[in-house]
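# Results of the structural survey
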Amino acid sequence: MLGHVSATRQARGGVLVLGGGFAGAYVARELGARGATVVSRENFMLYTPLLPEAASGTLEPRHCVVPLRPMCPHAELILGRATAIDLDAQTAEVETDEGTQSIAWQELVLALGAVPRTLPVPGLSEHALSFKSLADAINLRNHVLHQLEAADAALEEEERARRLTFVFVGAGYAGVEALAELSDLAEDALRFYPRLRSTPRRWVLVDAAPRILPEIPPPLGDYAAAELRKRGVEIHVDTTLGSVSADEAVLGDGTRIPTNTLVWTAGVAPNPLLREWSLPLDEKGRVEADELLRVRGHEHVWTLGDCARVPNTRSDSPDPPTCQHALRQARRLSRNLAGPPKPYGYRMLGQVATLGRHKGIAEVLGLRLHGFAGWWVTRSYHLYQLPLAQRKLRVVVDWTVSLFFRRDIAELGQLGHPEKLG
Ligand SMILES: Cc1cc2nc3c(=O)[nH]c(=O)nc-3n(C[C@H](O)[C@H](O)[C@H](O)COP(=O)(O)OP(=O)(O)OC[C@H]3O[C@@H](n4cnc5c(N)ncnc54)[C@H](O)[C@@H]3O)c2cc1C
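Residues numbered from 1 in each chain as written. Predicted model: local features only at pLDDT ≥ 70, side-chain atom pairs only at ≥ 80, totals over all residues. Heavy atoms only, no water.

Moving on, we get to helix 1 (residues 22-31). Of all ten residues in helix 1, eight are buried; the element is thus mostly enclosed. Of the surrounding elements, those touching the buried residues of helix 1 are strand 2 (15-18), strand 3 (37-40), strand 4 (44-46), helix 3 (68-71), helix 9 (323-338) and helix 10 (371-385). Positive backbone phi, at 55°, marks Gly-32, one or two positions downstream of helix 1. (Buried < 20%, exposed > 50% of the residue type's maximum accessible area, 1.4 Å probe, protein only. Helix = DSSP H or I, 4+ residues; strand = E, 2+ residues; numbered from the N terminus. Contact = heavy atoms within 4.5 Å.)

A separate point is the environment of Ala-23. For Ala-23, the location among the structural elements is in helix 1. Residues Ala-23 and Ala-330, spaced 307 residues apart in sequence, show a C-alpha to C-alpha distance of 5.8 Å.

With that out of the way, let us pick up the site of the ligand. The environment of the ligand is made up of 30 residues, and the closest members are Ala-23, Thr-48, Ala-82, Asp-306 and Cys-323. One of the side-chain N or O atoms of Thr-48 is found 2.4 Å from an oxygen atom in the ligand. Against a free-state accessible area of 1000 Å², the protein chains account for coverage of 91% of the ligand. Elements supplying a minimum of two residues to the shell around the ligand: helix 1, strand 7 (81-86), helix 7 (173-190) and helix 9. A per-element tally of the shell around the ligand places helix 7 first, with three residues. Partitioned by chemical class, the residues of the shell around the ligand number 14 nonpolar, ten polar and six charged. (Near = heavy atom within 4 Å. Polar contact = N/O pair within 3.5 Å; in protein donor to acceptor, adjacent residues only side chain to side chain. Areas by Shrake-Rupley, 256 points an atom, 1.4 Å probe, with all protein chains shown as cover. Nonpolar A, V, L, I, M, F, W, Y, C, P; charged D, E, K, R; others polar.)

The subject of this paragraph is the domain arrangement of the protein chain. For the protein chain, the domain assignment lists domain 1 (7-41 + 80-116 + 269-338) and domain 2 (124-266). Here domain 1 and domain 2 have C-alpha centroids that lie 35 Å from each other. (Domains from an automatic or database assignment.)

The next thing to look at is the sheet that holds strand 25 (residues 360-364). As summarised here, the arrangement of the three strands in space is 24-25-26, forming an open sheet in which the pairing is antiparallel. Here the strands that pair on one side only, and so sit at the sheet edges, are strand 24 (350-354) and strand 26 (367-370). Taken pair by pair, the neighbouring strands of this sheet meet at an average axis angle of 10°, ignoring direction. With five bridges connecting them, strand 24 and strand 25 associate as antiparallel partners. Its bridge partner being in strand 25, Thr-354 is matched across the sheet by Gly-360. (Pairing = 2+ DSSP bridges. Axes fitted to C-alpha atoms, helices over the stretch in contact; angles between N-to-C directions.)

Next comes the structure, spelled out in structure tokens:
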């Protein structure tokens, strides 16, 4: 049931897409001139694979997002938060700055993504940093640079060492790429901190699984682990986080790590809002899709991306939460909305990840690449996938500049927090 609403409108083309992330934005883009109404909390799509580079400063943060209006020129965008759906009346309720609106739909697409998965670890919600949004990336960059300043100002060697210790929990794409990029940023920046030259820095990667980067084939994951160890990164697999405080992380095996930085990248959980909407969910809370990408039991409701459990006719297991799967699902779903629906099936053609400056890993059509070649293929792949020519060009310019200059090390924590007048 919907609450009080100030206005009712019809979704463009009868299609209402909830969520303007990777999955939702691509559905609207692929629908083309048929049009759709997209409800999104931001007026841009975040291209998450480039987020670690935005955090480390090889990319201007604005360039890893794609504005939704030019990306989906035929879609209508409503900036707001979906709060309720009525499956019988075929309406959805959206909170906007102008009040709550009801939107009538003939076809509803649920693309509400995921949220960081947290666990009941003492101190986690108070002391851990997240790495999921653009704001998180900018915050993490400023935090790391701030630790260098604090270490430089510290009078005790013990405090200096603690400030230069960085712990990342969760060794999937997000954790590994963020650690690799930020350790490169810190090394670049430390050239300007002569007092800290002799202070050891510690970069620690922790994961409960037996190996890092479970998303990619073991030989590539092993290469990534060897590469990170070569740089001095401590890797603790089969290890959980026991607790965290403002100045210490304690691992499940009792290891105590003095640190002021704990980054939590230990996976995602489907958007919790979906639990309130009487939809069929699996044990993880993902909306159950059928092979046509319809929500089971609901002919006019569709789902995809990180919020959905999507069966894949070309794979033995449901799709993992990745951009490339969200994109392929979006293509099939938009075609299913436009014509006779066909089952979704996609065989992965490759995997890519960066490990900092000039290092990366890639598997493309069975060919495994690492080092510079892996890095180059990874960048080329993202450039190819990034929508809008002007976005691609801005990214190329940033990358070209970063080939010749070191990273910018200004800490811009004041941005967005201007001092009050008077
Ligand atoms: C740091 C990081 C790095 C990653 N790197 C890679 C990578 O290298 N390769 C890869 O394949 N995958 C990567 N991923 C995974 C990839 O980002 C996701 O699989 C992909 O974004 C899923 O798309 P989605 O649209 O389902 O979810 P999202 O992209 O999260 O989009 C969900 C959207 O719904 C919106 N939303 C939520 N609630 C509401 C509401 N109530 N009303 C309106 N809108 C709402 C959100 O604001 C968001 O815009 C990475 C993820 C992260 C966090």
